[in-house]
Amino acid sequence: MNNQPRQPSLFPDTPSGISLCEFNARIADCVNRQPQLTDEWVIAETSDVRVKANGHCYLKLVEKGPDGNTVTAQADAVIWNREFHQLKVKFEQGTGAAFNTGMQVMVKVTASFHTQYGLKLTITDIDPRFTLGDMARKRLEIIKRLQSDGVIDNNKQLPWPALTQRIAVISAPGAAGYGDFINQLQNNAYGLKFYTCLFRATMQGNQTVPTVLRALNAIKRQADLFQCVVIIRGGGASVDLNSFDDYNLALEVAQFPLPVIVGIGHERDETVLDHVGAVRVKTPTAAAEHLIKLGADQLALLEQLKTQMETNLQHLLTRARERLTYLSQAVVTQPLTRCQQERIKLNQLANDIHRLSSNHIMQRQHRISEHRQAIVNLVNQRLTLSHDRLTHLTKVVELLSPRNVLNRGYSLVRHHGQYITQASQVKPGDLVTVHLKEGHFKSTVTE
Amino acid sequence: MNESQPQTPDMTYDEATKKLEEYVSLMQDDQCSIDKLSEYTKQSQQLLEFCRRKLTETDAELQKILADIQKQN
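Nothing here was measured: the structure is a model prediction, and the numbers come from that model. (Residues numbered from 1 in each chain as written. Chains lettered and ligands numbered in written order. Predicted model: local features only at pLDDT ≥ 70, side-chain atom pairs only at ≥ 80, totals over all residues. Heavy atoms only, no water.)

Enquirer: Sorry if this is basic, but what is going on with the overall build of chain B here?
Expert: Along the backbone of chain B there are three helices and zero strands. Put simply, chain B runs from its N terminus to its C terminus through helices and strands in the order α-α-α. Burial status across chain B gives 34% buried among its 73 residues. Put simply, chain B shows about 4800 Å² of open surface, and 46% of that area lies on carbon and sulfur atoms. (Helix = DSSP H or I, 4+ residues; strand = E, 2+ residues; numbered from the N terminus. Buried < 20%, exposed > 50% of the residue type's maximum accessible area, 1.4 Å probe, protein only. Areas by Shrake-Rupley, 256 points an atom, 1.4 Å probe, with all protein chains shown as cover.)

Enquirer: Whenever I open this one, the environment of B:Thr58 confuses me. Can you help?
Expert: Mapped onto the elements, B:Thr58 comes out in the loop between helix 2 (34-56) and helix 3 (60-72). Apart from residues lying up to four places away in sequence, B:Thr58 is in contact with A:Lys193, A:Tyr195 and B:Gln63. (Contact = heavy atoms within 4.5 Å.)

Enquirer: I'm lost on the pairing of strand 3 (residues 71-79) of chain A in this one. Help?
Expert: Consecutive side chains of a regular strand alternate in pointing toward one face of the sheet and then the other. Residue and element names in this part refer to chain A. Relative to strand 3, strand 2 (residues 57-64) runs antiparallel, the two being bridged by eight bridges. Along strand 3, the bridge assignment pairs Tyr58 with Val78. Following strand 2, the chain reverses through six residues before pairing antiparallel with strand 3; Gly68 in that reversal takes a positive phi of roughly 80 degrees. The sheet contact formed by strand 3 and strand 5 (residues 118-126) spans two bridges and is parallel. When the bridges of strand 5 are listed, Val78 appears paired with Thr122. (Pairing = 2+ DSSP bridges.)

Enquirer: What's the story with the interface of chain B and chain A in this structure? I'm lost.
Expert: Think of interface size as the accessible area that goes away when the parts come together; that is how it is often given. Every contact between the two is made by 32 residues of chain B and, on the other side, 35 residues of chain A. Between chain B and chain A the total buried area reaches about 3100 Å² when both faces are included, carbon and sulfur atoms providing 69% of it. Among the residues chain B hides against chain A, the three largest losses belong to B:Leu55, B:Leu66 and B:Asn73. Together they make up 21% of the total. In this structure, A:Glu303 engages B:Arg52 in a salt bridge whose closest nitrogen and oxygen atoms are separated by 4.0 Å. Applying the counting rule to chain B against chain A returns eight residue pairs in polar contact (both at pLDDT 80 or more). Listed by contribution, the elements that provide at least two residues to the side of chain B that touches chain A are helix 1 (13-28), helix 2 and helix 3 of chain B. It is helix 2 of chain B that contributes the most residues to the side of chain B that touches chain A, 11 residues altogether. (Buried area = accessible area lost by both parts, 1.4 Å probe. Salt bridge = Lys/Arg side-chain N within 4 Å of Asp/Glu carboxyl O. Polar contact = N/O pair within 3.5 Å; in protein donor to acceptor, adjacent residues only side chain to side chain.)

Enquirer: Hey, could you run me through the nonpolar core in this one?
Expert: Soluble globular proteins tend to pack their nonpolar side chains together in the buried interior. Core analysis: the biggest nonpolar cluster contains 42 residues, and A:Ile167, A:Phe181, A:Leu185, A:Val230 and A:Leu291 have the highest contact counts within it. Elements supplying a minimum of two residues to this core: strand 6 (166-171), helix 4 (176-186), strand 8 (228-232) and helix 8 (284-400) of chain A together with helix 1 and helix 2 of chain B. Broken down by element, this core gets its largest block of residues, 10 residues, from helix 8 of chain A. Among residues more than four places away in sequence, those in contact with A:Phe181 are A:Val169, A:Val230, A:Ile232, A:Pro284, A:Ala287, A:Ala288 and A:Leu291. If you look at the next biggest cluster of nonpolar residues, it comprises 40 residues, including A:Met203, A:Ala218, A:Ile219 and A:Leu249. (Core = buried A, V, L, I, M, F, W, Y, C linked by side-chain atoms within 4.5 Å.)

Enquirer: Just checking my understanding: could you explain the layout of surface pockets for this structure?
Expert: One water molecule sets the probe size; rolling that probe over the atoms shows where empty space is left. Residue and element names in this part refer to chain A. Approximately 480 Å³ is the volume found for the second largest pocket. Considering the residues around the second largest pocket, the lining is formed by 24 residues, among which Thr101, Gly102, Asn242, Ser243 and Asp245 are closest to the centre. Among the secondary structure elements, those contributing two or more residues to the lining of the second largest pocket are helix 3 (128-149) and helix 5 (208-221). Of all the elements, helix 3 adds the most residues to the lining of the second largest pocket, at six residues. Partitioning the lining of the second largest pocket into residue classes produces seven nonpolar, 10 polar and seven charged. (1 Å grid on protein atoms, 1.4 Å probe; cavity = no way out; pocket = protein on both sides within 12 Å on 5 of 7 lines; lining within 4 Å. Points joined across faces, edges and corners; volume = space filled by probe spheres on them. Nonpolar A, V, L, I, M, F, W, Y, C, P; charged D, E, K, R; others polar.)

Enquirer: What should I look at first to understand unusual backbone geometry in this one?
Expert: With the exception of glycine, most residues fall at negative phi, and the peptide bonds are largely trans. Residue and element names in this part refer to chain A. For Asp48, which is not glycine, the phi torsion reads 50 degrees and is therefore positive. One can find Asp48 in strand 1 (residues 40-51). With phi around 50 degrees, His416 is a residue other than glycine that occupies positive phi space. Structurally, the position occupied by His416 is in the loop between strand 11 (412-415) and strand 12 (418-419).

Enquirer: I would appreciate a short explanation of the pattern of salt bridges in the present structure.
Expert: Where charged atoms from two side chains of opposite charge approach closely, those side chains can pair. Residues and elements named next belong to chain A. Within this structure, the stated rule accounts for 25 salt bridges over all chains. A salt bridge links Lys427 to Asp430; the nearest nitrogen and oxygen atoms lie 3.5 Å apart. Its relative accessible area of 53% is what places Lys427 among the exposed residues. Taken together, the salt bridges that share partners define one network made up of Asp134, Arg137, Lys138 and Glu141.

Enquirer: Can you help me understand the sheet that holds strand 6 of chain A in this one?
Expert: Sheet strands line up and pair through hydrogen bonds in the backbone, either parallel or antiparallel. All names here are of chain A. Across the sheet, five strands lie side by side as 7-6-8-9-10; this open sheet has parallel pairing. Looking at the sheet topology across the chains shown, the edges are occupied by strand 7 (195-200) and strand 10 (279-280). In this structure, strand 8 lies alongside strand 9 (residues 260-263), joined through four bridges in parallel fashion. What sits directly across from Val230, in strand 9, is Ile261.

Enquirer: Please clarify how the side chain of A:Thr164 should be interpreted in this entry.
Expert: Residue and element names in this part refer to chain A. Considering the arrangement of structural elements, one finds Thr164 in the loop between helix 3 and strand 6. There is a polar contact of 3.4 Å between the side chain of Thr164 and the backbone oxygen of Pro161. Leaving out residues up to four positions away in the same chain, Thr164 has contacts with Phe194, Gln227, Cys228, Leu291 and Leu294.

Enquirer: I would appreciate a short explanation of the packing of helix 4 of chain A against helix 8 of chain A in the present structure.
Expert: Working note: a packed helix pair is described by the angle between its axes plus the distance between those axes. All names here are of chain A. Relative orientation of the contacting elements helix 4 and helix 8 amounts to 25 degrees, with a least axis distance of 8 Å. The orientation of helix 4 relative to helix 8 falls into the category roughly parallel. In this structure, helix 4 crosses over helix 8, and the sense of that crossing is right-handed. Residue-level inspection shows Gly177, Asp180, Phe181, Gln184 and Leu185 of helix 4 in contact with helix 8, the latter providing Pro284, Thr285, Ala287, Ala288, Glu289, Leu291 and Ile292. For the contact of helix 4 with helix 8, the residue count by class is seven nonpolar, three polar and two charged. (Axes fitted to C-alpha atoms, helices over the stretch in contact; angles between N-to-C directions. Parallel < 35°, antiparallel > 145°, perpendicular 65-115°, else oblique. Left-handed = near helix turned anticlockwise from the far one by under 90°.)

Written out as structure tokens, the structure reads:
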């Protein structure tokens, strides 16, 4: 509002103007404390985030075009140390990630223009839900991409060796999580022995992805020596898990030739890495427990085989012993039993013979009687028949006898001693004898 | 510490457990002859020892190899 009068020029033909300070002041007037430019929620991407020693956070807010590279809008921004102190915590708790470059954020900004420093956006608040949503969206995209690549389940489908003792560990040495993990493995209750080898990596910040990839490659070169990989980091801290939402890292783990246990120590939503590891655990301790359990299961299996073997052995020996006992007894008792059996059989046979022969004899005797009787009967019958027949014949003979004929009044005629049956046998004048029932007379044939 | 060396020093753990299961199943058969029994039992016990030792005894050589690799990284 300093409307300074124009300075008259010393030389009449040179143009005049106001000072930059004056002009900037006018801009400042337009910008500062404008209601539209104060406490407005703005969506942007962070860039060049730097936190100074004094605690102030300086950054650029940018907007990129559809190609994701061309910057279409940008502004310098600052979060003063007092606000940053609170916002940092709020952001990390809300997203599980540290406030950093390259993040989509929703921030409350106030524009201010300073004659000396120019335009600056002061950030006074942040809504982590926006970033969280963006992170979740990106994570989902990466997961979808891995699914369409057909690799997302590859590591899960690798067969586990029965004995998992040789373990490649990717972690930051000195991290509490690593120490706990090693401790638990070396002091397990079953006396199982494990062989670990640490491959160092940074487990947070923007060096995470390259160092973990480098460690994985080193392990791959010695893949024959190891049986599985464990990726762990300090338990409890849920900061900066965003580094594990990386496509290339996930791809490498998904296609890794050894099964990978992912235990990057958090309770919340899973990172992309959690989706591709063969096993996901929540803490380094849980990773150790998983490995110990595999070993304990093997010990139990050996125990079971031992028990089964002993049982089978006992069973077989008992049966053999029983059989032997039976056989030894049978050697003694069998002959006796057999003799007894045979004796009974002989007695039986003797009885049978006796009985049968008696029966037989009786039958025969009976038959003889019958025959005798039959003979007698038959003879009698025959005699009777013959007698009757004789009687009958006698009667017939008698009936047929000439005597009987004569008795009936017939006469017999004889001529020269021959009996005459036909008239032609005589001629008139023959002398014939006629025999009658009683007596006879002579007769001459007349005609 | 077991005095007798197992007759299977070059066997892998997986091969050993497989052989063990074979022996157990052979001995489960009622027809298993008593003569073979003694041999199977002896072999099985050796295999069990071998497996258990793999799980619970330290292979110093292996430890050294891994320690060297760790140093390199």
